[in-house]
Every structure is written in structure tokens, then in C-alpha cells.
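Close look at the chain arrangement
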Amino acid sequence: MIVLHASFPIDPDRREEALELVDDLVEQSQAEDGMIEYRATTDVQDSNVIRFFEQYEDGEAFESHTETAHFQEFEAALPDLLAGEPEVIRFDVDSATELEL
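Before going into details, it helps to say that this report is about the structure given with it. (Residues numbered from 1 in each chain as written. Predicted model: local features only at pLDDT ≥ 70, side-chain atom pairs only at ≥ 80, totals over all residues. Heavy atoms only, no water.)

**Topic: the overall build of the protein chain**
Along the backbone of the protein chain there are 3 helices and 4 strands. Secondary structure elements of the protein chain occur, N-terminal to C-terminal, as β-α-β-β-α-α-β. Relative to its length of 101 residues, the protein chain is compact, with a C-alpha radius of gyration of 14 Å against a globular reference of 13 Å. In the protein chain, which comprises 101 residues, the share counted as buried stands at 36%. Just so you have it, the protein chain exposes about 6,600 Å², and 45% of that area is on carbon and sulfur atoms. Mean positive and mean negative side-chain charge positions of the protein chain (5 and 28 charges, respectively) differ by 6 Å. (Helix = DSSP H or I, 4+ residues; strand = E, 2+ residues; numbered from the N terminus. Rg over C-alpha atoms; globule rule 2.2 N^0.38 Å. Buried < 20%, exposed > 50% of the residue type's maximum accessible area, 1.4 Å probe, protein only. Areas by Shrake-Rupley, 256 points an atom, 1.4 Å probe, with all protein chains shown as cover. Lys, Arg positive; Asp, Glu negative; His and termini not counted. Charge placed at Lys NZ, Arg CZ, Asp CG, Glu CD.)

**As for the environment of His65**
Inspection of the secondary structure puts His65 in helix H2 (residues 59-66). Along the backbone, His65 and Phe91 are 26 residues apart, and their C-alpha atoms lie at a distance of 16 Å. Reaching out from His65, the side chain makes a polar contact with the side chain of Glu32 at a distance of 2.9 Å. (Polar contact = N/O pair within 3.5 Å; in protein donor to acceptor, adjacent residues only side chain to side chain.)

**A short note on helix H3 (residues 69-81)**
The end-to-end C-alpha distance of H3, which contains 13 residues, comes to 18 Å, matching closely the 18 Å that a straight helix rising 1.5 Å per residue would cover. Among the residues of H3, His70, Phe71, Phe74, Ala77, Leu78 and Leu81 are the ones counted as buried. The inward-facing, buried residues of H3 abut strand S1 (2-9), helix H1 (15-29), strand S3 (49-56) and H2. (Expected span 1.5 Å × (residues − 1). Contact = heavy atoms within 4.5 Å.)

**Here we look at the side chain of Asp43**
Position of Asp43 among the secondary structure elements: in the loop between strand S2 (35-42) and S3. Looking at Asp43, its side chain comes within polar contact range of the main-chain nitrogen of Asp46, at 3.1 Å. Polar side-chain contacts of Asp43 include one of 2.7 Å to the side chain of Arg51. Sequence-distant contacts of Asp43, that is, excluding residues within four places in its chain, are made with Val49 and Arg51.

**Side note on the packing of aromatic side chains**
Scanning all chains against the criterion turns up 5 aromatic pairs. On the numbers, 6.0 Å between centres and 65° between planes, the contact of Tyr38 with Phe52 is edge-to-face. Separated by 14 residues along the polypeptide, Tyr38 in strand S2 and Phe52 in strand S3 bring together distant segments of the chain. A relative accessible area of 2% places Tyr38 in the buried class. Phe52 gets classed as buried once you look at its relative accessible area, which sits at 2%. Seen from their ring centres, Tyr56 and Phe62 are 5.3 Å apart, and the 75° between their planes marks the pair as edge-to-face. Phe62 carries the same exposure label as Tyr56, and that label is buried. Grouped by ring-pair contacts, the aromatic residues Phe8, Tyr38, Phe52 and Phe74 constitute a single cluster. (Phe/Tyr/Trp six-rings, centres within 6.5 Å; stacked < 30°, edge-to-face > 60°.)

Coordinates in, geometry out; function isn't part of it.
Okay, structure coming up:
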């Protein structure tokens, strides 16, 4: 399984535009083959930071995601939306277990 955590600092003047693009990206990405989970949220301490949590069955599913029109549209718009450097971390995971709280 591939897990990604990404953080994007968004220009406050472009926030609404970014959120619309993210909403569309999330909706379409969740329907992809090999997608386990695809979520985006704003940071509770800085509402101009958008965080993504993505889980893919494998590397092939991740690669397929990067080739979709909705991902490429978001990626093309991103430079104009950013207010700083994004951070993307990839985890290659052998197993995951849900914990009881």
C-alpha cells in the first residue's frame, strides 16, 4: 500500500478557488480503481493550508492517479495557488491495522 501525506500552503487570496479545485479532485479521485481513500482538509491551525491523505492499493494505482485529467488540472493550477513550498511525503506500507479507542 502507498500512503501519501501532502501539505499545500495556499495564497489566502486564492483560497476559494483552491478549495473548489480540491473538492473536484477529491470527488473524482475517490472513484479511481486502486484507490483506498482520498481525503483533503484544511489545517485547524492555519486555514490556508490544505492537507491531503491518500491511500492506494499499490504503486500502479498511484501512477494511474497522476495521469488522470483531474489530477493534471489541479497540478497545473497549483503554482498560481501556492503561498509557499508544498510538502509531500510518501509511505510504502506493508500492513495497517485499525485501532480501538
